[in-house]
Amino acid sequence: MNEIEKYFNKIPKFFENRGLHSAQFIKDFIEPPDSWLNNPYEFDSMDTAVDAILSNPRKNPIFIHGDCDADGVSSTALLYKYLKKIGFQVYYYIPNRSKEGHLISKKAIDYAISIGSELMITCDIGMSSLEEIQYAHENGLNTIITDHHKALDVIPSALVIINPWLEENSNISFREYSGSAVAFKLCHAINISLKLELDYLHELMALASIGIIADKVPIINENRYISYYGLKMIIKGKNKGISAISKNLFPYLAEIDISKIVRVINMTTKLDDPTISVKLLTSNQPPQINLYTNIIVKSFRKNQIIFNEIIHSSIRKVYSQDYKKNKSIFILLDSDSAYNGAVANTLSNKFDSPCIVLSKMSEGELYKGSCRSVHDINLFSFIESKQSILFALGGHPMAAGFTIEQQNIEELKSSFFSYMTAKNASIKKHKISRVLDASLKLSDIDIKFIEFIKQFKPYGTRNSIPTFISKDIKVVGKPIIFGKSKDSIKFKVSQDGTVFNSVGVGLINEFEKLVTENKLNIEYTISNNKNDILLNILGVS
């Protein structure tokens, strides 16, 4: 019996949770074959986009306009690297998250025209920028939109739109791409047209994988192919910027964690120079990498303190609401709107509820809203239904954003609670407790087992970090409280002579249970550094 068959029989739920129902499919998922790389020319008008790029005179720069988040930044970086590699002059722009938000900037369009560009390519942005795309067209700047956000009622008047969710693309092999993966498919198509080797694309997968993890698109089909080989490139140190960030900010990690890189990149788009992450991700020069890394590390540490304070305040606001009755969270903050997405993501995960977070933008009178969902509840359909009171709305079912006038916030809040109350019946069908991959004896956990499940990295949507339960566990010795807020616990667990160190971050409310109960059930994930195995406790009962 080989290793796959052994674990397929031992932990069948692990594979079922990932839709892996045969030994061959599991083998392909672990190391995806090239057949998982879909034909980019399935996209409607992809040939027109490729022709427009390749016919662009080399003396005329191509202008890339990305979105101000990790997906937009990684999309911009990979497209910039590829177009430079094949000989084009390329400039790029990332809007400031605090001041401009998720919009195409007319200022950027004017700059593109001033440098002689006749072609703008958007990355992870553009589907809601009707006026801006028209303004560019009227001023002689053609636009290719690459985006994965669902179209509204009116489609922008771009030269070409590469978007899997257009009606014209309803029959393509796969649609659930991130913005970075859509930009990658454009590069893939150009690569085919130029008859270049697949090697030209490998380095780009490291960047595309950032957007895939950031935007929570499912780790299946081509997303699995890109993110698997992208992670391999990252681990090999092929992107020096990613390596520098991980080494400086997360030196305790045994290997690079893409989700932590995402947090850092998202933070940088609110800095005075929101393009600094693109600069870092596209540089190969050590002096430049050191300069950009030092700026980012210093800013991230400062911002992390602020973010933690915002999270604590937000959690208090949630507890002051009847979020269980409302089946959702809606809070108004007085902090920088650049934090909204991260706050919404944290709260939706912590409280297992769809969440909308709003705060006033730093410039103008509008408020910015960020939405995050859970359990496949489509928040974008709700946002779309409120178009009459929203501006610059965009997104997809699990994450969306918009701007709104203060006078309309209460109406939005009331409508959101009504929408979620109406959704109550469908929410009840979901098992709110976390999805478990297997029930294990502690003796089942060893280095071979850990190495097997690590083959399924990177984890993400529909391929979540493996989570297990062990029953009738004893706590050895006295648990130790730690952390700045004194809300986390370290302790040892034992079963039939097998003992492991464990840590429960934020589990202070379970302290009494740990010291009084004779035997417990624990839910956890597993990590190891070298050969030291640690159980990350998520819950006890």
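Everything below is about the structure printed above this text.
Residues numbered from 1 in each chain as written. Predicted model: local features only at pLDDT ≥ 70, side-chain atom pairs only at ≥ 80, totals over all residues. Heavy atoms only, no water.

## Thoughts on unusual backbone geometry
Argument step 1. With omega at 0°, the peptide bond leading from Lys457 into Pro458 counts as cis.
Argument step 2. Within the element layout of this structure, Pro458 appears in the loop between helix H20 (447–454) and strand S12 (468–482).
Argument step 3. Phi is positive for Lys216, close to 60°, though the residue is something other than glycine.
Argument step 4. If you trace the backbone, Lys216 turns up in the loop between helix H9 (199–214) and helix H10 (221–235).
Argument step 5. Here the phi dihedral of Asp352 falls at roughly 55°; this positive angle occurs in a residue that is not glycine.
Argument step 6. Counting through the fold element by element, Asp352 comes out in the loop between helix H16 (340–351) and strand S7 (355–360).
Argument step 7. On the basis of relative accessible area, Asp352 is assigned to the partly exposed category, the value being 24%. (Helix = DSSP H or I, 4+ residues; strand = E, 2+ residues; numbered from the N terminus. Buried < 20%, exposed > 50% of the residue type's maximum accessible area, 1.4 Å probe, protein only.)

## Remarks on the side chain of Ser314
Argument step 1. Take Ser314: it is sitting in helix H14 (residues 286–320).
Argument step 2. With near-sequence residues (within four places) excluded, Ser314 lies in contact with Ile331, Leu333, Val343 and Leu347. (Contact = heavy atoms within 4.5 Å.)

## What to know about the pattern of salt bridges
Argument step 1. Using the criterion set out here, one finds 14 salt bridges in the structure.
Argument step 2. In this structure, Lys10 and Asp444 form a salt bridge, with 3.3 Å as the shortest nitrogen-oxygen distance. Taken together, the residues span a long stretch of sequence, with Lys10 in helix H1 (residues 3–10) and Asp444 in the loop between strand S11 (438–439) and H20 at a distance of 434 residues.
Argument step 3. For Glu255, the salt bridge is made with Lys457, and the minimal N-O distance between the two is 3.2 Å. Of this pair, Glu255 sits in the loop between helix H11 (240–249) and helix H12 (258–268) while Lys457 is found in the loop between H20 and S12, placing the two residues 202 residues apart along the sequence.
Argument step 4. Using a relative accessible area of 26% as the deciding quantity, one classes Glu255 as partly exposed. (Salt bridge = Lys/Arg side-chain N within 4 Å of Asp/Glu carboxyl O.)

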